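Observations on the three-dimensional arrangement
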Amino acid sequence: MEFFRIHRTIPFMRHALVLNLISVITFAAAVFFIATRGFHLSIEFTGGTVMEVHYAQSAQVEEIRSAVDSLGYTDFQVQNFGTSQDVLIRLPLRAGETSATQSDSVFGALKAQHPDVELRRVEFVGPQVGQELVNNGLLALLSVVIGIMLYLGFRFEWKFAIAGVVANLHDVVIILGFFAFFQWEFSLPVLAGVLAVLGYSVNESVVIMDRIRENFRKQRKASVQEVINSAITQTISRTVITHGSTQMMVLAMLFFGGPSLHYFAMALTIGIWFGIYSSVFVAAAIAMWLGVTREDMVKTVKKDDPAAEIM
(Lines give C-alpha, C1' and ligand atoms only; values in the text may rest on other atoms or scores of the structure.)
Protein backbone atom coordinates (compact mmCIF):
# COMPACT_ATOMS: atom_id res chain seq x y z
CA MET A 1 0.00 0.00 0.00
CA GLU A 2 1.27 3.46 -0.91
CA PHE A 3 -0.10 6.90 -0.04
CA PHE A 4 2.14 8.47 -2.64
CA ARG A 5 4.90 7.57 -5.06
CA ILE A 6 8.00 9.63 -5.76
CA HIS A 7 8.91 9.32 -9.44
CA ARG A 8 12.25 11.13 -9.20
CA THR A 9 15.06 9.42 -7.28
CA ILE A 10 16.28 11.47 -4.30
CA PRO A 11 20.11 11.57 -4.00
CA PHE A 12 20.32 10.57 -0.35
CA MET A 13 23.90 9.30 -0.56
CA ARG A 14 25.11 12.67 -1.85
CA HIS A 15 24.86 14.02 1.71
CA ALA A 16 25.87 10.81 3.48
CA LEU A 17 29.35 12.00 4.49
CA VAL A 18 28.14 15.23 6.15
CA LEU A 19 25.25 13.51 7.92
CA ASN A 20 27.47 10.69 9.15
CA LEU A 21 29.94 13.21 10.54
CA ILE A 22 27.01 14.68 12.48
CA SER A 23 26.15 11.14 13.62
CA VAL A 24 29.70 10.59 14.84
CA ILE A 25 29.61 13.86 16.82
CA THR A 26 26.18 12.99 18.29
CA PHE A 27 27.34 9.47 19.13
CA ALA A 28 30.52 10.78 20.82
CA ALA A 29 28.47 13.31 22.82
CA ALA A 30 26.10 10.53 23.96
CA VAL A 31 29.03 8.36 25.08
CA PHE A 32 30.53 11.36 26.90
CA PHE A 33 27.34 12.09 28.84
CA ILE A 34 26.86 8.40 29.68
CA ALA A 35 30.42 8.20 31.02
CA THR A 36 30.41 11.51 32.94
CA ARG A 37 26.83 11.94 34.13
CA GLY A 38 25.68 8.34 34.32
CA PHE A 39 22.03 7.33 34.61
CA HIS A 40 19.34 8.33 37.03
CA LEU A 41 18.44 4.76 37.94
CA SER A 42 15.05 3.80 39.33
CA ILE A 43 14.62 1.80 42.49
CA GLU A 44 14.54 -1.46 40.52
CA PHE A 45 18.27 -0.91 40.05
CA THR A 46 19.22 0.99 43.22
CA GLY A 47 17.01 -0.74 45.77
CA GLY A 48 14.20 0.64 47.92
CA THR A 49 10.92 -0.09 49.67
CA VAL A 50 7.93 -1.75 47.99
CA MET A 51 4.45 -1.35 49.49
CA GLU A 52 1.22 -3.02 48.43
CA VAL A 53 -2.01 -1.37 49.61
CA HIS A 54 -5.65 -2.30 49.05
CA TYR A 55 -8.71 -0.04 48.80
CA ALA A 56 -12.36 -0.95 49.25
CA GLN A 57 -13.20 0.96 46.07
CA SER A 58 -11.20 1.66 42.94
CA ALA A 59 -7.98 3.41 43.92
CA GLN A 60 -7.37 6.98 42.74
CA VAL A 61 -3.77 6.73 41.58
CA GLU A 62 -3.28 10.48 41.17
CA GLU A 63 -4.44 11.11 44.76
CA ILE A 64 -1.97 8.49 46.01
CA ARG A 65 0.83 10.12 44.04
CA SER A 66 0.03 13.52 45.52
CA ALA A 67 0.05 12.04 49.04
CA VAL A 68 3.47 10.43 48.52
CA ASP A 69 4.78 13.60 46.84
CA SER A 70 3.74 15.66 49.87
CA LEU A 71 6.21 13.64 51.98
CA GLY A 72 9.14 14.90 49.90
CA TYR A 73 9.62 11.89 47.63
CA THR A 74 10.53 12.55 44.00
CA ASP A 75 11.68 9.26 42.46
CA PHE A 76 8.77 7.02 43.39
CA GLN A 77 6.32 4.87 41.44
CA VAL A 78 2.61 4.32 41.98
CA GLN A 79 0.71 1.85 39.80
CA ASN A 80 -2.22 -0.52 39.90
CA PHE A 81 -1.29 -4.05 40.85
CA GLY A 82 -3.58 -6.81 39.62
CA THR A 83 -6.91 -5.04 40.14
CA SER A 84 -8.07 -1.43 40.25
CA GLN A 85 -8.31 -1.71 44.06
CA ASP A 86 -4.72 -2.85 44.61
CA VAL A 87 -1.82 -0.42 44.31
CA LEU A 88 1.92 -0.98 44.33
CA ILE A 89 4.11 1.83 45.65
CA ARG A 90 7.89 1.85 45.14
CA LEU A 91 9.94 4.22 47.30
CA PRO A 92 13.65 5.04 46.87
CA LEU A 93 16.13 4.71 49.70
CA ARG A 94 16.50 7.80 51.90
CA ALA A 95 19.32 8.47 54.34
CA GLY A 96 18.41 7.95 57.98
CA GLU A 97 15.18 6.05 57.24
CA THR A 98 14.42 2.33 57.29
CA SER A 99 11.81 0.53 55.25
CA ALA A 100 9.54 0.41 58.31
CA THR A 101 9.84 4.17 58.83
CA GLN A 102 9.13 4.89 55.18
CA SER A 103 6.13 2.58 55.01
CA ASP A 104 4.66 3.99 58.24
CA SER A 105 4.88 7.60 57.05
CA VAL A 106 3.44 6.81 53.60
CA PHE A 107 0.68 4.62 54.98
CA GLY A 108 -0.22 7.38 57.45
CA ALA A 109 -0.60 9.86 54.57
CA LEU A 110 -2.77 7.40 52.65
CA LYS A 111 -4.84 6.67 55.75
CA ALA A 112 -5.55 10.37 56.12
CA GLN A 113 -6.99 10.41 52.59
CA HIS A 114 -8.97 7.15 52.80
CA PRO A 115 -9.45 5.50 56.22
CA ASP A 116 -10.45 2.22 54.54
CA VAL A 117 -7.01 1.62 52.97
CA GLU A 118 -5.24 -1.59 54.01
CA LEU A 119 -1.52 -2.31 54.02
CA ARG A 120 -1.01 -5.76 52.51
CA ARG A 121 2.80 -6.09 52.47
CA VAL A 122 6.08 -4.19 52.80
CA GLU A 123 9.32 -5.45 51.24
CA PHE A 124 12.84 -4.13 50.94
CA VAL A 125 14.49 -4.57 47.53
CA GLY A 126 18.24 -4.51 48.04
CA PRO A 127 20.96 -3.35 45.65
CA GLN A 128 21.89 -6.98 44.91
CA VAL A 129 18.61 -7.38 43.06
CA GLY A 130 19.33 -4.17 41.16
CA GLN A 131 22.75 -5.43 40.10
CA GLU A 132 21.20 -8.68 38.91
CA LEU A 133 18.74 -6.73 36.79
CA VAL A 134 21.58 -4.69 35.27
CA ASN A 135 23.52 -7.82 34.39
CA ASN A 136 20.48 -9.51 32.88
CA GLY A 137 19.66 -6.37 30.89
CA LEU A 138 23.17 -6.14 29.45
CA LEU A 139 23.10 -9.86 28.62
CA ALA A 140 19.78 -9.41 26.83
CA LEU A 141 21.21 -6.47 24.86
CA LEU A 142 24.28 -8.50 23.84
CA SER A 143 22.11 -11.43 22.77
CA VAL A 144 19.95 -9.19 20.61
CA VAL A 145 22.99 -7.63 18.90
CA ILE A 146 24.52 -11.04 18.13
CA GLY A 147 21.19 -12.34 16.82
CA ILE A 148 20.76 -9.33 14.54
CA MET A 149 24.26 -9.69 13.12
CA LEU A 150 23.77 -13.42 12.40
CA TYR A 151 20.38 -12.79 10.81
CA LEU A 152 21.64 -10.03 8.51
CA GLY A 153 24.77 -12.00 7.66
CA PHE A 154 22.79 -15.07 6.57
CA ARG A 155 20.00 -13.20 4.79
CA PHE A 156 22.09 -10.59 3.01
CA GLU A 157 25.88 -10.21 3.24
CA TRP A 158 28.49 -9.55 5.93
CA LYS A 159 28.89 -5.91 4.84
CA PHE A 160 25.20 -5.31 5.46
CA ALA A 161 25.45 -7.21 8.76
CA ILE A 162 28.17 -4.85 10.00
CA ALA A 163 26.29 -1.80 8.70
CA GLY A 164 23.03 -2.89 10.34
CA VAL A 165 24.60 -3.58 13.74
CA VAL A 166 26.49 -0.27 13.73
CA ALA A 167 23.27 1.57 12.86
CA ASN A 168 21.31 -0.21 15.62
CA LEU A 169 23.98 0.44 18.26
CA HIS A 170 24.02 4.04 17.07
CA ASP A 171 20.30 4.30 17.94
CA VAL A 172 20.69 2.61 21.33
CA VAL A 173 23.65 4.75 22.45
CA ILE A 174 21.90 7.97 21.41
CA ILE A 175 18.77 7.00 23.38
CA LEU A 176 20.92 6.29 26.42
CA GLY A 177 22.73 9.59 25.83
CA PHE A 178 19.43 11.47 26.04
CA PHE A 179 18.60 9.78 29.34
CA ALA A 180 22.06 10.55 30.72
CA PHE A 181 22.05 14.19 29.59
CA PHE A 182 18.55 15.07 30.86
CA GLN A 183 18.84 12.70 33.85
CA TRP A 184 15.51 11.11 33.04
CA GLU A 185 14.66 8.13 35.21
CA PHE A 186 16.03 4.91 33.74
CA SER A 187 13.76 2.03 34.74
CA LEU A 188 12.91 -1.47 33.56
CA PRO A 189 10.21 -0.18 31.15
CA VAL A 190 12.84 2.11 29.60
CA LEU A 191 15.20 -0.84 29.21
CA ALA A 192 12.36 -2.74 27.52
CA GLY A 193 11.87 0.24 25.22
CA VAL A 194 15.56 0.27 24.27
CA LEU A 195 15.42 -3.44 23.40
CA ALA A 196 12.24 -2.84 21.39
CA VAL A 197 13.98 -0.10 19.42
CA LEU A 198 16.69 -2.59 18.42
CA GLY A 199 14.15 -4.86 16.75
CA TYR A 200 12.17 -1.95 15.35
CA SER A 201 15.21 -0.29 13.80
CA VAL A 202 16.55 -3.47 12.22
CA ASN A 203 13.17 -3.99 10.56
CA GLU A 204 13.54 -0.70 8.69
CA SER A 205 17.11 -1.59 7.71
CA VAL A 206 16.00 -5.01 6.39
CA VAL A 207 13.30 -3.41 4.21
CA ILE A 208 15.81 -1.04 2.62
CA MET A 209 18.45 -3.78 2.21
CA ASP A 210 15.91 -6.07 0.56
CA ARG A 211 14.96 -3.34 -1.90
CA ILE A 212 18.66 -2.67 -2.61
CA ARG A 213 19.14 -6.35 -3.47
CA GLU A 214 16.07 -6.29 -5.69
CA ASN A 215 17.29 -3.15 -7.50
CA PHE A 216 20.70 -4.73 -8.08
CA ARG A 217 18.86 -7.36 -10.14
CA LYS A 218 16.80 -4.81 -12.08
CA GLN A 219 19.19 -1.87 -12.50
CA ARG A 220 22.15 -3.69 -13.98
CA LYS A 221 23.86 -0.61 -15.43
CA ALA A 222 23.29 1.69 -12.43
CA SER A 223 26.05 2.53 -9.98
CA VAL A 224 25.94 1.33 -6.36
CA GLN A 225 25.07 4.84 -5.18
CA GLU A 226 22.20 5.11 -7.68
CA VAL A 227 20.85 1.70 -6.64
CA ILE A 228 20.87 2.67 -2.96
CA ASN A 229 19.23 6.06 -3.66
CA SER A 230 16.45 4.45 -5.70
CA ALA A 231 15.86 1.78 -3.03
CA ILE A 232 15.45 4.37 -0.27
CA THR A 233 13.22 6.55 -2.45
CA GLN A 234 10.96 3.60 -3.32
CA THR A 235 10.44 2.72 0.36
CA ILE A 236 9.64 6.25 1.58
CA SER A 237 5.86 5.74 1.35
CA ARG A 238 6.11 2.53 3.38
CA THR A 239 8.31 4.32 5.94
CA VAL A 240 5.80 7.15 6.37
CA ILE A 241 2.88 4.74 6.84
CA THR A 242 4.65 2.38 9.23
CA HIS A 243 6.45 4.89 11.41
CA GLY A 244 3.60 7.39 11.36
CA SER A 245 1.15 4.78 12.67
CA THR A 246 3.60 3.63 15.32
CA GLN A 247 4.40 7.16 16.41
CA MET A 248 0.72 8.01 16.88
CA MET A 249 0.33 5.07 19.26
CA VAL A 250 3.52 5.99 21.13
CA LEU A 251 2.44 9.63 21.44
CA ALA A 252 -0.83 8.46 23.00
CA MET A 253 1.20 6.62 25.66
CA LEU A 254 3.51 9.62 26.07
CA PHE A 255 0.74 12.15 26.73
CA PHE A 256 -2.01 10.01 28.25
CA GLY A 257 -0.23 6.96 29.67
CA GLY A 258 0.75 8.59 32.96
CA PRO A 259 4.12 8.64 34.71
CA SER A 260 4.60 4.87 34.54
CA LEU A 261 4.67 4.92 30.71
CA HIS A 262 6.11 8.39 30.12
CA TYR A 263 9.80 7.57 29.81
CA PHE A 264 9.08 4.27 28.09
CA ALA A 265 7.24 6.20 25.38
CA MET A 266 10.01 8.82 25.33
CA ALA A 267 12.61 6.12 24.61
CA LEU A 268 10.44 4.71 21.81
CA THR A 269 9.90 8.16 20.29
CA ILE A 270 13.63 8.88 20.16
CA GLY A 271 14.26 5.39 18.81
CA ILE A 272 11.65 5.69 16.04
CA TRP A 273 13.09 8.91 14.63
CA PHE A 274 16.72 7.91 14.95
CA GLY A 275 15.84 4.46 13.60
CA ILE A 276 14.60 6.03 10.36
CA TYR A 277 17.67 8.25 10.16
CA SER A 278 20.16 5.46 10.86
CA SER A 279 18.60 3.02 8.39
CA VAL A 280 18.93 5.58 5.59
CA PHE A 281 22.07 7.53 6.36
CA VAL A 282 24.06 5.16 8.59
CA ALA A 283 23.36 1.56 7.54
CA ALA A 284 23.07 2.23 3.81
CA ALA A 285 26.04 4.61 3.77
CA ILE A 286 28.31 2.23 5.71
CA ALA A 287 27.40 -0.63 3.36
CA MET A 288 28.25 1.61 0.41
CA TRP A 289 31.61 2.60 1.93
CA LEU A 290 32.41 -1.04 2.73
CA GLY A 291 32.18 -1.67 -1.00
CA VAL A 292 28.96 -3.64 -1.42
CA THR A 293 28.51 -4.64 -5.05
CA ARG A 294 25.97 -6.37 -7.26
CA GLU A 295 28.02 -9.58 -7.06
CA ASP A 296 27.71 -9.52 -3.25
CA MET A 297 23.91 -9.40 -3.37
CA VAL A 298 23.02 -11.36 -6.52
CA LYS A 299 24.48 -14.79 -7.13
CA THR A 300 25.49 -15.36 -10.75
CA VAL A 301 24.47 -18.59 -12.50
CA LYS A 302 27.21 -20.55 -14.23
CA LYS A 303 26.82 -20.99 -18.00
CA ASP A 304 27.26 -24.75 -17.85
CA ASP A 305 24.54 -25.06 -15.23
CA PRO A 306 21.67 -27.21 -16.72
CA ALA A 307 19.14 -25.03 -14.91
CA ALA A 308 20.48 -22.01 -16.76
CA GLU A 309 20.00 -23.72 -20.13
CA ILE A 310 16.41 -24.60 -19.27
CA MET A 311 15.75 -20.95 -18.31
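Whatever comes next refers back to the structure up there.
Residues numbered from 1 in each chain as written. Predicted model: local features only at pLDDT ≥ 70, side-chain atom pairs only at ≥ 80, totals over all residues. Heavy atoms only, no water.

Here the focus is the layout of surface pockets. The computed volume of the largest pocket comes to approximately 450 Å³. Lining the largest pocket are 22 residues, with Phe76, Gln77, Glu185, Pro259 and Ser260 positioned closest to its centre. Put simply, the parts of the chain that give the lining of the largest pocket at least two residues each are strand S3 (77-81), helix H7 (188-218) and helix H10 (259-289). The leading source of residues in the lining of the largest pocket is H10, at five residues. Here the lining of the largest pocket is composed, by residue class, of nine nonpolar, eight polar and five charged. Volume-wise, the second largest pocket comes out at about 280 Å³. What lines the second largest pocket is a set of 14 residues, and nearest its centre among them are Phe39, Val134, Leu138, Phe186 and Leu191. (1 Å grid on protein atoms, 1.4 Å probe; cavity = no way out; pocket = protein on both sides within 12 Å on 5 of 7 lines; lining within 4 Å. Points joined across faces, edges and corners; volume = space filled by probe spheres on them. Helix = DSSP H or I, 4+ residues; strand = E, 2+ residues; numbered from the N terminus. Nonpolar A, V, L, I, M, F, W, Y, C, P; charged D, E, K, R; others polar.)

Right, let's get into the pattern of salt bridges. Tallied over the entire structure, the rule returns ten salt bridges. Across the pair Glu62 and Arg65 runs a salt bridge whose closest N-O atoms are separated by 2.7 Å. Taken together, the residues Glu62 and Arg65, both in helix H3 (residues 61-69) and three residues apart, mark about one turn of the helix. The class for Glu62 is exposed, based on a relative accessible area of 54%. What makes Arg65 buried here is its relative accessible area of 14%. In this structure, the salt-bridge partner of Lys218 is Glu214, at a minimum N-O distance of 2.8 Å. Note that Lys218 and Glu214 are positioned in helix H7 at a spacing of four residues, about one turn of the helix. On the basis of relative accessible area, Lys218 is assigned to the exposed category, the value being 58%. What makes Glu214 partly exposed here is its relative accessible area of 29%. A network of salt bridges, in which partner residues are shared, links Glu52, Arg121 and Glu123. (Salt bridge = Lys/Arg side-chain N within 4 Å of Asp/Glu carboxyl O. Buried < 20%, exposed > 50% of the residue type's maximum accessible area, 1.4 Å probe, protein only.)

Our focus in this paragraph is the pairing of strand S2 (residues 48-54). With seven of its seven residues buried, S2 lies for the most part within the structure. Pairing geometry for S2 and strand S5 (residues 118-125), over seven bridges, is antiparallel. By the bridge assignment for S5, Gly48 is matched with Val125. (Pairing = 2+ DSSP bridges.)

Here we take up the environment of Ile208. For Ile208, the location among the structural elements is in helix H7. Note on Ile208: relative accessible area 2%, which makes it buried. Taking C-alpha positions, Ile208 is 6.9 Å from Thr235, a pair spaced 27 residues apart along the chain. Apart from residues no more than four positions distant in its own chain, Ile208 is found in contact with Ala231, Ile232, Thr235, Ser279 and Val280. (Contact = heavy atoms within 4.5 Å.)

For the rest of this paragraph, the subject is a nonpolar patch on the surface. Together, Leu139, Leu142, Ile146, Leu150 and Phe154 make up a nonpolar patch on the protein surface, roughly 570 Å² of accessible area in all. For Ile146, the position within the fold is in helix H5 (residues 127-155). (Patch = residues over 30% accessible without salt bridge, like charges linked within 9 Å, V, L, I, M, F, W, Y side chains within 5 Å. Areas by Shrake-Rupley, 256 points an atom, 1.4 Å probe, with all protein chains shown as cover.)

Within the fold, Ile22 resides in helix H1 (residues 16-37). A relative accessible area of 44% means that Ile22 is categorised as partly exposed. Separated by 74 residues in sequence, Ile22 and Gly96 place their C-alpha atoms 47 Å apart.

Counting 57 residues, the largest nonpolar core has Met13, Leu152, Ile212 and Ile232 as the members making the most contacts within it. Of all the secondary-structure elements, those providing two or more residues to this core are H5, helix H6 (158-182), H7, helix H8 (224-234), helix H9 (236-256) and H10. No other element matches the 18 residues that H10 contributes to this core. Non-local contacts of Ile212, meaning those with residues more than four positions away in its chain, are made with Phe160, Val227, Ile228 and Ala231. (Core = buried A, V, L, I, M, F, W, Y, C linked by side-chain atoms within 4.5 Å.)

It is worth spelling out the packing of aromatic side chains at this point. Tallied over the full model, the rule gives 13 aromatic pairs. Ring geometry for Phe32 and Phe33: centres 5.5 Å apart, planes at 65 degrees, overall edge-to-face. Classification of Phe33 by relative accessible area gives partly exposed; the value is 22%. Judged by centre distance (4.9 Å) and plane angle (10 degrees), the ring pair of Phe182 and Trp184 falls under stacked. (Phe/Tyr/Trp six-rings, centres within 6.5 Å; stacked < 30°, edge-to-face > 60°.)

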